[in-house]
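Here are the chains, one letter per residue:
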Amino acid sequence: CKKNAQKRHKVAIVVDPRLSSKLRQHQREGVEFVYRCMMHPMYAPENDYGQGCILADGMGLGKTLQAIAVMWTLMEQDVYAGQQTCTNG
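What you are looking at is a predicted structure, and each value in this text was computed from that prediction instead of being measured.

Draft legend 1. The arrangement of the state of the cysteines in detail. A full pass over the atoms with the stated rule returns zero disulfides. Counting only cysteine sulfurs, cysteine 53 is the nearest neighbor of cysteine 37, a cysteine outside any disulfide, at a range of 4.3 Å. For cysteine 53, a relative accessible area of 33% puts it in the partly exposed group.

Right under this line is the structure:
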């Protein structure tokens, strides 16, 4: 007897254009790095990280904006189509 498994489709994760338009190239790379470090390998099999990271660099390079972009992206998008990452309640 087979279980009625629902096929889930992965979707591309995209940083909100309102934030992305404010990021410099090195900040975009930083956002991608932090996101990959935070994702569990279950969602990204090619990802060897999934343990988190520390975002540290010199002053004035945009760490706060990068952190906001990552958090906003994680809150607003899910790896799978039609799924929510956060709810109000």
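Draft legend 2. Molecular detail of the packing of helix H2 (residues 25–38) against helix H3 (residues 63–76). Packing of H2 against H3 brings their axes to within 9 Å, and their N-to-C directions diverge by 50 degrees. It follows that H2 is oblique to H3 by the angle criterion. Read as a crossing pair, H2 and H3 show a hand that is right-handed. Across from Gln27, Gly30, Val31, Val34, Tyr35 and Met38 in H2, the residues of H3 making contact are Gln66, Ala69, Val70 and Leu74. Split by residue class, the contact of H2 with H3 holds seven nonpolar, three polar and no charged.

Draft legend 3. Examining the nonpolar core more closely. Counting residues in hydrophobic clusters, the biggest one holds six residues: Leu19, Leu23, Val31, Val34, Ala69 and Val70. Those elements that place two or more of their residues in this core are H2 and H3. Aside from chain neighbours lying at most four places away, what touches alanine 69 is Val15, Leu19, Leu23 and Val31.

Draft legend 4. Up close: the environment of lysine 63. Relative to the helices and strands, lysine 63 resides in helix H3. Setting aside residues no more than four positions away along its own chain, lysine 63 makes contact with Leu55, Ala56, Asp57 and Gly58.

Draft legend 5. Highlighting the environment of arginine 28. Mapping arginine 28 onto the fold places it in helix H2. The spatial distance from the C-alpha of arginine 28 to the C-alpha of alanine 69 is 9.2 Å, given a sequence separation of 41 residues. Side-chain polar atoms of arginine 28 contact the backbone oxygen of serine 20, separated by 3.2 Å.

Cut-offs applied
- Residues numbered from 1 in each chain as written.
- Predicted model: local features only at pLDDT ≥ 70, side-chain atom pairs only at ≥ 80, totals over all residues.
- Heavy atoms only, no water.
- Disulfide = S-S within 2.5 Å.
- Buried < 20%, exposed > 50% of the residue type's maximum accessible area, 1.4 Å probe, protein only.
- Axes fitted to C-alpha atoms, helices over the stretch in contact; angles between N-to-C directions.
- Helix = DSSP H or I, 4+ residues; strand = E, 2+ residues; numbered from the N terminus.
- Parallel < 35°, antiparallel > 145°, perpendicular 65-115°, else oblique.
- Left-handed = near helix turned anticlockwise from the far one by under 90°.
- Contact = heavy atoms within 4.5 Å.
- Nonpolar A, V, L, I, M, F, W, Y, C, P; charged D, E, K, R; others polar.
- Core = buried A, V, L, I, M, F, W, Y, C linked by side-chain atoms within 4.5 Å.
- Polar contact = N/O pair within 3.5 Å; in protein donor to acceptor, adjacent residues only side chain to side chain.

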